[in-house]
Amino acid sequence: MSNEKERERQQTYIEKCRVYVKAFEVEHGRFPKACVVTFGCQMNARDSEKLSGILVQAGYEITDSEEEADFVLYNTCTVRDNANQRVYGRLGYLNSLKKKKPHMRIALCGCMMQEQAVVEKIQKSYRFVDLIFGTHNLFRFAELLSETLSSENMVVDIWEGTDKIVENLPVKRKYSYKSGVNIMFGCNNFCSYCIVPYVRGRERSREPKDILREIESLVEDGVVEVMLLGQNVNSYGKTLENPMSFAELLQEVEKIEGLRRIRFMTSHPKDLSDELIEVMRRSTKICRHLHLPLQAGSDRILQAMNRRYTKEQYLALVDKLKTAIPDIAITTDLIVGFPGETLEDVEETIEVVKRVQFDNAFTFIYSPRTGTPAAAMENQVPEEIVHEGFDKLLSVVQETAKERAALLQGKVMEALVEGVNEQDPAFVTGRLGNNMLVHFKADRRLVGKFVMVVLDTCHGFYYTGRMVDWLSQTKHTRLGKMVDNQWLN
Ligand code: SAH
Ligand code: SF4
Ligand code: F3S
């Protein structure tokens, strides 16, 4: 079915849901409320905005509170087992809410639902769930919602895969000033520990014109920062009819007037091109931050992980990046406890952390995922060894991150104000281009605006600072422009 036809079809289901919403309003004297809870990564966060967009079109009010909600949707993650356990735990709680509020509907979607064993478990032991769907048929949510609202039985619709990309779904954004933008879906890398390729399917890129049109309309709607999303953005465009590289796409995005900041996630080291480094170096909009997952520092483990680079190749890449863009912040993901990993192997990871001086690193304990090659390996590492390596690595990661953060002491940098500080409403929280947070006194009306901030005090991973006053702020902005022009020349 064509994209246009599918959208029209879904629209008819939104109308059907509206009839239900109207009847609910008559009965309860208010509109029904929906709560969408996101687990997992930025992809899921963006998917949740699409699901919320459909709920809003159907007439639901969006709430953050599951207690208040008449419809609860969990958008799940299965990358590590603790993500799954959190969902099961919260489902127990939802069941107790539903007992008090029998009209409540509970739905589950996302990566975890692409696993057959999970769906079977829910069908058997969590009978109070009303709807289950997966990652490939999210665009059919209106239809599935309408079916659920008119049925007493559990509705289950899981697709094994898809080559389809449905454009222009309604979206309800979480932030007015920034947005994620999918540039590709799925993953073809099959790192041996990772379940993502199995639950998100094969890699498919969106057409550049669709991506650019979406960003243009986001900018018209007040967005100043976009995060281009893909499991491996560096292989963007390979599957298109007219192939285009990620670096080429970035250059097109850069041209969009009114857009101030560009970020992207995630870069696989094996595919990071010189062309991309050059585009980043020349850019005035691409943030000086790169998330470059290393996973492990030992070549033997990297090979068993099927990462397709060596420690030396990774280090050489970082050198190249730092030489081209000296103020770049590099962050990473690390796994401890992959099958066969020894404490000597972890020492090699520590060595890389010390040499690269990561600005931040997410450190994970290896979690066996059913169906992945690593889960079937015989040499699983005993828990005590894993914890010993993990604790050692974590302390080095924290030390180096603090050292890196301290280097910014006293600097004046541009921050995008993201929100009012939760602890003290006289303060706002801003994000620097390098992804670091800074808290400072300012009016809440500055949310969504760029301001220059002096970084006064480093608190390890964040700063407290002060906004530069108006006069010097214009001076700094001018200085910023001059620097920008130098980049271009
Ligand atoms: N596409 C991204 C990562 C997506 S998953 C990339 O390739 O970089 C995010 C992170 O979760 C990974 O970088 C990895 O560090 C971690 N991860 C994935 N599978 C895992 C597993 N089975 N156990 C522990 N950590 C895992
Ligand atoms: Fe998983 Fe590797 Fe794909 Fe990242 S690149 S999603 S770690 S298989
Ligand atoms: Fe989790 Fe799926 Fe993202 S498994 S990390 S939500 S792609």
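Anything mentioned here points back to the structure above.
Overview of the structure. No experiment lies behind these values; they were computed from the predicted model shown.

What follows covers the site of ligand 2. Around ligand 2, the structure places Cys187, Asn189, Phe190, Cys191, Tyr193, Cys194, Val196, Pro197, Gln231, His268 and Arg307. Among the residues forming the shell around ligand 2, the class breakdown is seven nonpolar, three polar and one charged.

All residues adjacent to ligand 3 are Cys41, Asn44, Cys77, Thr78, Val79, Cys111, Arg200 and Gln231. In terms of residue class, the shell around ligand 3 is made up of four nonpolar, three polar and one charged.

A few words now on helix α9 (residues 274–282). Since the α-helix packs 3.6 residues into each turn, any two residues three or four apart lie on the same face. Burial in α9 covers these residues: Leu276, Ile277, Val279 and Met280. Summarising the axial view, the buried residues of α9 lie within an arc of 165 degrees, below the 170-degree limit, and thus occupy one face. The elements touched by buried residues of α9 are α8 (246–254), β11 (261–265), β12 (289–291) and α11 (311–324).

This paragraph deals with the sheet that holds β11. The strand order across the open sheet formed by three strands is β7-β10-β11, and the pairing between neighbours is parallel. The sheet is open, and its two borders are formed by β7 (178–182) and β11, each paired with just one other strand. Averaged over all adjacent pairs, the angle separating strand axes in this sheet is 25 degrees, with direction ignored. Of the pairings in the sheet, the one linking β7 to strand β10 (residues 225–229) comprises five bridges and is parallel in character. Bridge pairing in β10 places Ser179 opposite Val226. Strands β7 and β10 of the sheet are contacted by helix α7 (residues 208–220), whose axis makes an angle of about 170 degrees with β7.

Under the counting rule described, the total for this entry stands at 39 salt bridges. One salt bridge connects Arg281 with Glu278, and the closest N-O pair in it is separated by 3.0 Å. Taken together, the residues Arg281 and Glu278, both in helix α9 and three residues apart, mark about one turn of the helix. Residue classification places Glu278 among the partly exposed positions, given a relative accessible area of 33%. What you see here is one network of salt bridges that share partners, running through Glu6, Arg9, Arg140, Glu143, Asp157 and Lys164.

Quick look at the packing of aromatic side chains now. For the structure on display, the rule yields 15 aromatic pairs. Here Tyr20 and Phe24 contribute two aromatic rings whose centre-to-centre distance is 6.4 Å and whose plane-to-plane angle is 45 degrees, an arrangement assigned as tilted. With Tyr20 and Phe24 both in helix α1 (residues 3–28) and four residues apart, the pair spans about one turn of that helix. Taken together, a centroid distance of 6.3 Å and an interplanar angle of 55 degrees make the contact between Tyr314 and Phe358 tilted. In this pair, Tyr314 sits in helix α11 while Phe358 sits in the loop between α12 (343–356) and β14 (360–365), placing the two residues 44 residues apart along the sequence. By the burial criterion, Tyr314 is buried, and Phe358 matches it. Note that Lys178 overlies the ring of Tyr175, its terminal NZ or CZ placed 4.8 Å from the centroid. Lying across the ring of Phe450, Arg260 places its NZ or CZ 4.1 Å from the centre.

This part takes up unusual backbone geometry. Here Met265 and Thr266 are connected by a cis peptide whose omega angle stands at -5 degrees. Phi at Phe190 is positive, roughly 45 degrees, even though this residue is not glycine. Summarising the element assignment, Phe190 is placed in the loop between β8 (184–185) and α6 (196–200). Looking at Phe190, the relative accessible area reads 30%, which means it is partly exposed. The phi torsion at Asn435 lies on the positive side, around 85 degrees, for a residue other than glycine. By secondary structure assignment, the location of Asn435 is in the loop between β16 (427–432) and β17 (437–441).

This brings us to the environment of Leu393. Positionally, Leu393 belongs in helix α13 (residues 383–406). Taking the relative accessible area as the measure of exposure, Leu393 reaches 0% and is therefore buried. In this structure the C-alpha to C-alpha distance between Leu393 and Val353, which are 40 residues apart in sequence, comes to 8.6 Å. Other than its neighbours up to four places away in sequence, Leu393 contacts Leu334, Val336, Val346, Thr349, Ile350, Val353 and Thr363.

This part is about the sheet that holds strand β2 (residues 61–62). Here six strands make up an open sheet; going across it, the order is β2-β1-β3-β4-β5-β6 and the pairing parallel. Two strands close off the open sheet at either side, each with one partner strand: β2 and β6 (155–157). Alignment of strand β3 (residues 71–76) against strand β4 (residues 105–110), held across six bridges, turns out to be parallel. From the neighbouring strand, Val72 faces β4, where its bridge partner is Ile106. The sheet contacts of helix α3 (residues 81–100) involve β1 (33–38), β3 and β4, and relative to β3 the element is tilted by about 175 degrees.

Parameters and conventions
Residues numbered from 1 in each chain as written. Chains lettered and ligands numbered in written order. Predicted model: local features only at pLDDT ≥ 70, side-chain atom pairs only at ≥ 80, totals over all residues. Heavy atoms only, no water. Near = heavy atom within 4 Å. Nonpolar A, V, L, I, M, F, W, Y, C, P; charged D, E, K, R; others polar. Buried < 20%, exposed > 50% of the residue type's maximum accessible area, 1.4 Å probe, protein only. Helix = DSSP H or I, 4+ residues; strand = E, 2+ residues; numbered from the N terminus. Arc of directions from axis to C-beta. Contact = heavy atoms within 4.5 Å. Pairing = 2+ DSSP bridges. Axes fitted to C-alpha atoms, helices over the stretch in contact; angles between N-to-C directions. Salt bridge = Lys/Arg side-chain N within 4 Å of Asp/Glu carboxyl O. Phe/Tyr/Trp six-rings, centres within 6.5 Å; stacked < 30°, edge-to-face > 60°. Lys NZ or Arg CZ within 6 Å of the ring centre and 35° of its normal.

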